Amino acid sequence: MDLAYLQRMCKGDSQRMGRYVALYLQEAPALFNQLEDALRSGNGETLAVCAHTLRPQARYMGGNNLYRMLTTVEIRARARGAEACADLVTEACAENVRLMDSLRDWKSAG
């Protein structure tokens, strides 16, 4: 996790950063559920749209590895369909759990 991007976006305002982190922690689980639902439905375009929607949020929260995974899901889902993304979606969901744990740690330390 690298919060440098969020810090720049918030101009160093740690309270504002905390609000964005809290919002991500609140909303990310439902968004990742949508990603998994799109995978289960087998709809590559819906999966690509879900991944595309999540990408900037992952970047804002310093989840650079998650951002790269979601970018790959988006591209792969459009090119080869949802089935080709199953393992990567599973990895992205696990990476999101790790990111959320790191964000909770950051929030409780602040």
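Novice: Describe in detail the side chain of E95, supporting the description with residues and values.
Specialist: Among the secondary structure elements, E95 is positioned in helix α5 (residues 86–109). On the accessibility criterion, E95 (16% relative accessible area) is buried. A distance of 2.7 Å separates the side chain of E95 from the side chain of R98, its partner in a polar contact. Once residues within four sequence positions are removed from consideration, E95 is found in contact with N65, L66 and M69.

Novice: Account for the packing of aromatic side chains, naming residues and giving values.
Specialist: What the rule picks out here adds up to 1 aromatic pair. Relative to Y60, the ring of Y5 lies with its centre 5.6 Å away and its plane at 15°, an arrangement referred to as stacked. With Y5 in helix α1 (residues 4–9) and Y60 in helix α3 (residues 44–60), the pair connects residues that are 55 residues apart, well separated along the chain. The residue whose ring lies beneath R59 is Y67, and the NZ or CZ to ring-centre distance is 3.7 Å.

Cut-off values and rules
- Residues numbered from 1 in each chain as written.
- Predicted model: local features only at pLDDT ≥ 70, side-chain atom pairs only at ≥ 80, totals over all residues.
- Heavy atoms only, no water.
- Helix = DSSP H or I, 4+ residues; strand = E, 2+ residues; numbered from the N terminus.
- Buried < 20%, exposed > 50% of the residue type's maximum accessible area, 1.4 Å probe, protein only.
- Polar contact = N/O pair within 3.5 Å; in protein donor to acceptor, adjacent residues only side chain to side chain.
- Contact = heavy atoms within 4.5 Å.
- Phe/Tyr/Trp six-rings, centres within 6.5 Å; stacked < 30°, edge-to-face > 60°.
- Lys NZ or Arg CZ within 6 Å of the ring centre and 35° of its normal.

Nothing here speaks to function; it is all geometry.
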